[in-house]
Structure formats: structure tokens, C-alpha cells
Amino acid sequence: MIDSDATVTTTPPQLTPLQQAHQWIQQGRWQDAAHLCRQALAGAPRDAALHAMLGSALRGLGDAAGAEAALRQSVALDPRLPAAWRTLADLQFRRQDWAQAEVSLASLNQLLPDDAETWFARGVVALKRDQAASAESWFARALARDARLLDRRFALGQEAFRARDMTTAAIHYHACMQARPDWVRSEERRVGKE
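Residues numbered from 1 in each chain as written. Predicted model: local features only at pLDDT ≥ 70, side-chain atom pairs only at ≥ 80, totals over all residues. Heavy atoms only, no water.

## Regarding the side chain of Glu102
- Checked against the element boundaries, Glu102 lands in helix H6 (residues 98–111).
- With residues up to four places along the chain from it excluded, the contact list for Glu102 reads Arg122, Val125 and Arg129. (Helix = DSSP H or I, 4+ residues; strand = E, 2+ residues; numbered from the N terminus. Contact = heavy atoms within 4.5 Å.)

## Observations concerning the nonpolar core
- Counting 29 residues, the largest nonpolar core has Ala21, Ala33, Cys37, Leu54 and Leu71 as its most contacted members.
- The residues contacting Ala21, other than those within four sequence positions of it, are Ala33, Leu36, Cys37 and Met53.
- Formed by 16 residues, the second largest nonpolar core is a distinct cluster that contains Ala116, Val124, Leu150 and Cys176. (Core = buried A, V, L, I, M, F, W, Y, C linked by side-chain atoms within 4.5 Å. Buried < 20%, exposed > 50% of the residue type's maximum accessible area, 1.4 Å probe, protein only.)

## A word on the packing of aromatic side chains
- Taken as a whole and judged by the stated rule, the model has three aromatic pairs.
- Taking the centre distance of 4.8 Å and the plane angle of 80° together, the rings of Phe93 and Trp98 count as edge-to-face.
- Owing to a relative accessible area of 30%, Phe93 belongs among the partly exposed residues under this scheme.
- You can call Trp98 buried: its relative accessible area is 14%.
- On the numbers, 5.5 Å between centres and 40° between planes, the contact of Phe154 with Tyr173 is tilted. Note that Phe154 is positioned in helix H9 (residues 149–162) and Tyr173 in helix H10 (residues 166–179), a separation of 19 residues in sequence.
- Taking the ring centre of Phe120 as reference, the NZ or CZ of Arg152 above it sits at 5.4 Å.
- Directly above the ring of Phe139 sits Arg153, whose terminal nitrogen or CZ lies 3.8 Å from the centroid. (Phe/Tyr/Trp six-rings, centres within 6.5 Å; stacked < 30°, edge-to-face > 60°. Lys NZ or Arg CZ within 6 Å of the ring centre and 35° of its normal.)

## A look at the packing of helix H2 (residues 30–43) against helix H3 (residues 48–61)
- Where H2 contacts H3, the two axes come as close as 8 Å, and the packing angle between them is 150°. Comparing the axis directions of H2 and H3 gives the class roughly antiparallel. The two elements H2 and H3 cross, and the hand of that crossing is left-handed. For the pair formed by H2 and H3, the contact residues are Trp30, Gln31, Ala33, Ala34, Cys37, Arg38, Ala40 and Leu41 on the first element and Leu50, His51, Met53, Leu54, Ser56, Ala57, Leu58, Gly60 and Leu61 on the second.
- For the contact of H2 with H3, the residue count by class is 12 nonpolar, four polar and one charged. (Axes fitted to C-alpha atoms, helices over the stretch in contact; angles between N-to-C directions. Parallel < 35°, antiparallel > 145°, perpendicular 65-115°, else oblique. Left-handed = near helix turned anticlockwise from the far one by under 90°. Nonpolar A, V, L, I, M, F, W, Y, C, P; charged D, E, K, R; others polar.)

## Digging into the layout of surface pockets
- A volume near 610 Å³ is recorded for the largest pocket.
- Lining the largest pocket are 24 residues, and of these Phe93, Phe120, Ala121, Val124 and Leu156 sit closest to its centre.
- Of all the secondary-structure elements, those providing two or more residues to the lining of the largest pocket are helix H5 (82–94), H6, helix H7 (116–128), H9 and H10.
- For the lining of the largest pocket, the element with the most residues is H7, which contributes seven residues. (1 Å grid on protein atoms, 1.4 Å probe; cavity = no way out; pocket = protein on both sides within 12 Å on 5 of 7 lines; lining within 4 Å. Points joined across faces, edges and corners; volume = space filled by probe spheres on them.)

## Examining the environment of Gln158
- Among the structural elements, Gln158 can be located in helix H9.
- Through-space distance from the C-alpha of Gln158 to that of Thr168 is 9.6 Å; in sequence the pair is 10 residues apart.

## Here we look at the side chain of Arg153
- Relative to the elements of secondary structure, Arg153 occurs in helix H9.
- Owing to a relative accessible area of 1%, Arg153 belongs among the buried residues under this scheme.
- A polar contact is formed between the side chain of Arg153 and the side chain of Glu136, at a distance of 2.6 Å.
- The contact partners of Arg153, leaving out residues within four places of it in the chain, are Phe120, Glu136, Phe139, Ile171, His172, Ala175 and Cys176. (Polar contact = N/O pair within 3.5 Å; in protein donor to acceptor, adjacent residues only side chain to side chain.)

Taken by themselves, the reported measurements are silent on function.
Below you can see the structure in the form of C-alpha cells.
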């Protein structure tokens, strides 16, 4: 028989340093997350996931060089971490290191062979590297998997247009019209109603 007056006490589960750092990153507490990762790495220097988490925290702090170093350490220890490759590619993309971004995206693609986001990113990088045919192949694969990426392709065209890169803008706009011939008419109707 259970005593109804008995109180049951439970202690909340303890988070691992990796889980706590992830939670703090989600909350924008980059400094706390970075500090915790560094402390945890002192006792586990070969923990690839902790290096990747440190890289994410440092990226949030705006320390791109530190973030990239931590992420490179992560993938050197364990090349099977998609999040590390994705974050590394993002950092390389932001500093316009297209060759290294392609290497990171290719590694990510090996781990996630059906990921439309990765295919799309590879299309962007190929176009930046003046590999138009390769870019269109990646974009086509991505759009075949996720048609919503066409809006992102149009946004790339707008971005290029604002930067006065008319050649790149035309490539993106033309691809959008090829993918959806009714797109121009629907855009004209939408703009006409505004």
C-alpha cells in the first residue's frame, strides 16, 4: 500500500557540458557556452563534438578565426559530424573562400547525400567559382528535392541585382523563369495589386 502522505522528491537530470553548451547557444549565451566548452575540453581534448560546439559558440561571439580553428579540430578528430562541416562551410562562405567552402560542402554531402540544402549551397559556391554548368546541376538537384528553394534562388538574383552584378542576377532570374514559366505573370499580377 502506498502512503498518500509520502512525498516523492526527484532531482532534475544533470546536463552534460555538451548539452548545457548547446542550450546556452540556443539562448544566445555565447560566452558562457564557449567558457564551458573550454573547461570540458581541458579534460577531454579529443572530444570532437565539444570542439564543434566551441566553434559554434565562437562564431556567435564573432570570433571567426577561433571558430574555424575549433571546427577544423573537430572534423580532424571525427569527420562524421555534419553540424561541424555545415558550420565550417558557413564560415568559409562568409569570408568568400569558395574553394574551401566546396571542400567542406563536399564532405557534408558525403554524410548527407540527399540533403537539398547542401546541394543548393554547392550550387551557390560553384557559381561563385565561375562553374556555371556545375552550379545549374546542383541547383536542379536541390529544386527537384525541395521546390521551395526556388524562392531562395530568386532572392539570390535580387541580392546580385542590388550589388549591380547583372550577370549573376540574370542567371538566377532566368533559372527561376525556366523552372516556373508562369512565375513572371504571377509576379506581375502580385505587383500590380500592391
